[in-house]
Amino acid sequence: MIKLVAVVGPTASGKSALAMELAEKFGGEIISADSMQIYKGMDIGTAKPSKEDQSKIRHHMIDCVEVTDNYSVANYCDAAHRAIAKCVERGKVPIVAGGTGLYVENLLKNTDFSAVSGSGELRAELIKSAAEHGGEAMYEYLMRLDMDAAKLLHPNDTKRVIRALECYLVSGKTRRVRDEESKGRQIYKSLKLTLDIEREVLYNRINARVEEMFDRGLVEEVKSVLLPVRDRCTTSLAGIGYKEVLDYIDGRMSLEDTKEKIKLGTRRYAKRQETWFRHDRDIKRVQNAQAFEIAETFIYKGEVK
């Protein structure tokens, strides 16, 4: 099996910096697991690695698609598997880094999406039901059908609730059953790390990061990248910060209110990320110094302390 290190956790926790340090020390390449960094031009609002960092360490799964393109977890996993294979061919250590739990989980499990590919008709019907009855009703429906899948999702994350419903309705199997059936197809042996950070420190970092994004030109980025094509954007507009700035550009919010809304939305998102990763008991909460010791033992001996 291919050995890889995964650095996961909430936004602004320092995972990108840790991934860079691990890659530099152990000869690695970084495979991003961020559902917004895949979009070209969306740099500031996604806290994309700088060009300097990308020149030091090869990064994958960044700037892959146009902002008007739809992109699914299945698309991501297909491309990320290929990137990891090439990384290994070059004798490099694959380091997956990001906070999109759905990407990380399905990538490491090597999920077979062909078994739950669904149909356009079913998805359209579910989307229609969500519009008619509301996202909360769809979440309650999922709770009745597949409690394990529902526990991993936020009730307001209607898009992923619909996807979970689709998986169940197509396969007739709960998430737990599908996970059991997928055992034996594992292609990765992974070490999963997350930085241990206090909630107050994390939230202060988030607030400071939002201010920095505006100082760096987030409004100008939105005007340049999204405003001209906003009517054709779908999944790219799900990124926190972008739709809020569009409201500001349209005159629906003041600048200060826009900043505060983004800060609040990001803090809530970070909390949801923490909840997601807390369900994975294999993830080790570490300080920076511990991370290097544990990673060294894993990379060179294949052991997880």
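Positions within a chain are numbered from 1, following the residues in the order the chain's sequence is written. Local features in a predicted model are, by the rule used here, given only for residues with pLDDT of at least 70; side-chain atom pairs are given and counted only at 80 or more, and totals for whole chains, interfaces and linings are based on all residues. Hydrogens are left out, water is left out, and the side-chain values use all remaining heavy atoms of the structure.

Draft legend 1. Quick look at the overall build of the protein. Think of it this way: any DSSP run of H or I at least four residues long counts as a helix, any run of E at least two long counts as a strand, and we number them from the N terminus. Looking only at helices and strands, one finds 14 helices and six strands in the protein. For this measure, only C-alpha atoms enter the radius of gyration; the expected value for a globule follows 2.2 Å times N^0.38, where N is the number of residues. For the protein, whose C-alpha radius of gyration is 19 Å, the value lies close to the compact-globule estimate of 19 Å for 305 residues. Judged by the C-alpha coordinates and their principal axes, the protein covers about 55 × 50 × 35 Å. In this scheme, a residue with accessible area under 20% of its type's maximum is buried, one over 50% is exposed, and one in between is partly exposed, where area comes from a 1.4 Å probe on protein chains only. Each of the 305 residues in the protein was classed as buried or not, and the buried ones make up 48%. Areas reported here follow the Shrake-Rupley algorithm with a probe of radius 1.4 Å; residue values treat only the protein chains shown as occluding. A total of about 15,400 Å² of accessible surface is found on the protein, and carbon and sulfur atoms cover 48% of it. Averaged over its 50 positive side-chain charges, the protein has a centre that lies 3 Å from the centre of its 47 negative ones. Charged residues are defined narrowly, with Lys and Arg counted positive, Asp and Glu counted negative, and His plus the chain ends left uncounted. Throughout, a charge is located at the NZ atom of Lys, the CZ atom of Arg, the CG atom of Asp or the CD atom of Glu.

Draft legend 2. Up close: helix H1 (residues 15–26). Here a helix's expected span is defined as the number of its residues, less one, multiplied by 1.5 Å. With twelve residues, H1 ought to run about 16 Å at 1.5 Å a step, and its terminal C-alpha atoms sit 16 Å apart, in line with that. Those residues of H1 that sit buried are Lys15, Leu18, Ala19, Met20, Leu22, Ala23 and Phe26. Immediately beyond the C-terminal end of H1, within one or two residues, lies Gly27, with a positive phi of roughly 70 degrees.

Draft legend 3. Local environment of the pairing of strand S1 (residues 2–8). Burial within S1 is extensive, with five of its seven residues counted as buried. Paired strands are those between which DSSP finds at least two bridges. Sheet analysis places S1 next to strand S5 (residues 188–195), joined by seven bridges and oriented parallel. Following the sheet pairing, Ala6 is matched in S5 by Lys192. Bridging between S1 and strand S4 (residues 93–98) involves four bridges; their strand directions are parallel. When the bridges of S4 are listed, Val8 appears paired with Gly98.

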